[in-house]
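Here is what each chain is made of, one letter per residue.
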Amino acid sequence: MVTGSIFAACQSGTYRITGSGDMLQEGDTLFLTSDFMTGTPVDTVIAKAGKFELTGTADSTFMCLIYSKKNQEVMSSPFFIEEGTIKLTLSDKPKDRKVSGSSLNKEWQELNDSLSPIGLQFSMMAENMATNKPTAEEAKALNEKQQKLIKQWQDIVFRYAKKNIGNELGYFLVTQFYDPECKDAASKQQLISMLPKKMQERPLVKAILERLEISKATAEGSKMKDFTMNDINDRPMSTLSEIAKNKITVIDFWASWCGPCLREMPSMVEMYKKHKDSGLGIIGISLDSRKADWENATKRFSIEWPQISDLNGWNNAAAQMFNVRSIPYTIVVSSDGTILKKGLRGSELEEFVESQLK
């Protein structure tokens, strides 16, 4: 995921951006931005005869984007502003967007070309699952293929990050492109340790290292710390006390505003009904900020298991404790709070639950 921060560097000089695109119309205004959240422009250029050119002086190397407010399809892939000539090809098809010219952008384009076939396979598999409604066995096979693709993707990014570890492309790949959820803590720390000392002192790197420490404390095989949070009736509940009642417990992070969470909730309800008498417990932790929304969602699905929340949204204390970056997200724990598995969903979750209850 790309975010709008400028990466400082020790290099300075002028840059020249030349671009073209078949969909560009005469007089189109294009905006250059380094803020991927708001799109606030740092420069503008007018297209003529399907082409444009933009020059400037950069005292740092940073990632940016060129886009058109008039035609949102006219957008460049992210690229690096750096000294030298940068050549862009704009297209309404992401696979046809290209960047070349300067050294970092050549590497960046080469990386994207290597990752593109993997992304295409993911898209085809997702479309297949959405349209054909695969059986449990087929879904499992597709998931196994996805895991292999993820490993291929990570290996490629790791290789490019290591190759460019001394420059801003390497820094970007380490901090924001390779394993953004910090699941592969060992590889993430290895890459960070290889960064130049000045880059290691940047706030983003320090924040990532803090997240990695949290991940270690809540890794599979470790014992979770107890925490207390109010249930839906405003009564404080000790999580370890609740967990001790069951053979295994699924801690389910979700929210009423989360579409994927709501789509999976019927399966969670069925799984609970099927296995609760065999020792399965569930603790729902809502990342809602409005209690009424939380209450309405639990009533809608007739959720019977305990529900807790501090109504702080993404700042939920438990979500912070477990470094939850996306939902739905599950953690399966034993009766003494030992973390058995993290991040399982759907058929994988139910299969693991069943294996533990035998």
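Keep in mind it's a predicted model, so treat the numbers as computed, not measured.

Draft legend 1. Summary view of the overall build of the protein. Helix and strand counts for the protein come out as eleven helices and 15 strands. Along the first, second and third principal axes, the C-alpha atoms of the protein reach 70 × 45 × 40 Å. Here the protein holds 358 residues, and 47% of them are scored as buried. Total accessible area on the protein is roughly 18100 Å²; 51% of this is exposed by carbon and sulfur atoms. Taken as two groups, the 45 positive and 46 negative side-chain charges of the protein have centres that lie 2 Å from each other.

Draft legend 2. Region of interest: the packing of helix α8 (residues 259-275) against helix α11 (residues 346-357). In the contact formed by α8 and α11, the axes pass within 11 Å of each other and the chain directions differ by 15°. In this view, α8 runs roughly parallel relative to α11, as classed from their interaxial angle. Both α8 and α11 take part in a crossing whose hand is right-handed. Side by side, α8 and α11 meet where Glu-264, Met-268, Met-271, Lys-274 and His-275 of the first sit next to Gly-346, Leu-349, Glu-350, Val-353, Glu-354 and Leu-357 of the second.

Draft legend 3. Inspection of the pairing of strand β7 (residues 84-89) at higher detail. Across six bridges, the pairing between strand β1 (residues 13-20) and β7 is parallel. Paired with Ile-17 across the two strands is Ile-86, which belongs to β7. With three bridges connecting them, β7 and strand β8 (residues 98-100) associate as antiparallel partners. The partner of Thr-89 across the bridge, within β8, is Lys-98.

Draft legend 4. Layout of the pattern of salt bridges. For the structure on display, the rule yields 17 salt bridges. With its nearest N and O atoms 3.0 Å apart, the salt bridge here joins Lys-151 to Asp-155. Residue Lys-151 and its partner Asp-155 are located together in helix α2 (residues 136-163), separated by four residues, close to a single helical turn. Residues joined by salt bridges that share partners form a network here, namely Asp-234, Lys-291 and Glu-295.

Draft legend 5. Local environment of helix α1 (residues 103-132). In this model, α1 (30 residues) spans 44 Å end to end at C-alpha, consistent with the 44 Å of a helix rising 1.5 Å per residue. Its maximal kink placed at Leu-115, α1 deviates by approximately 35°, while the proline Pro-117 follows within four residues. All of the buried residues in α1 are Leu-104, Asn-105, Glu-107, Trp-108, Gln-109, Leu-111, Leu-115, Ile-118 and Met-125. Remark: Lys-133 follows α1 within two positions and exhibits a positive phi of approximately 45°.

Draft legend 6. Expanded view of empty space enclosed by the protein. Considering all chains together, one arrives at one cavity of 30 Å³ or more under this definition. Lining the largest cavity are Asp-252, Trp-254, Cys-261, Glu-264, Met-265, Met-268, Pro-328, Thr-330, Leu-344, Arg-345, Gly-346 and Leu-349. Secondary structure elements with two or more residues in the lining of the largest cavity: β11 (248-254), α8 and α11. Among the elements that make up the lining of the largest cavity, the one with the highest residue count is α8 (four residues). Split by residue class, the lining of the largest cavity holds seven nonpolar, two polar and three charged.

What counts, and at which threshold
Residues numbered from 1 in each chain as written. Predicted model: local features only at pLDDT ≥ 70, side-chain atom pairs only at ≥ 80, totals over all residues. Heavy atoms only, no water. Helix = DSSP H or I, 4+ residues; strand = E, 2+ residues; numbered from the N terminus. Buried < 20%, exposed > 50% of the residue type's maximum accessible area, 1.4 Å probe, protein only. Areas by Shrake-Rupley, 256 points an atom, 1.4 Å probe, with all protein chains shown as cover. Lys, Arg positive; Asp, Glu negative; His and termini not counted. Charge placed at Lys NZ, Arg CZ, Asp CG, Glu CD. Axes fitted to C-alpha atoms, helices over the stretch in contact; angles between N-to-C directions. Parallel < 35°, antiparallel > 145°, perpendicular 65-115°, else oblique. Left-handed = near helix turned anticlockwise from the far one by under 90°. Contact = heavy atoms within 4.5 Å. Pairing = 2+ DSSP bridges. Salt bridge = Lys/Arg side-chain N within 4 Å of Asp/Glu carboxyl O. Expected span 1.5 Å × (residues − 1). Bend = angle between axes of the 7 residues up to and from the residue. 1 Å grid on protein atoms, 1.4 Å probe; cavity = no way out; pocket = protein on both sides within 12 Å on 5 of 7 lines; lining within 4 Å. Points joined across faces, edges and corners; volume = space filled by probe spheres on them. Nonpolar A, V, L, I, M, F, W, Y, C, P; charged D, E, K, R; others polar.

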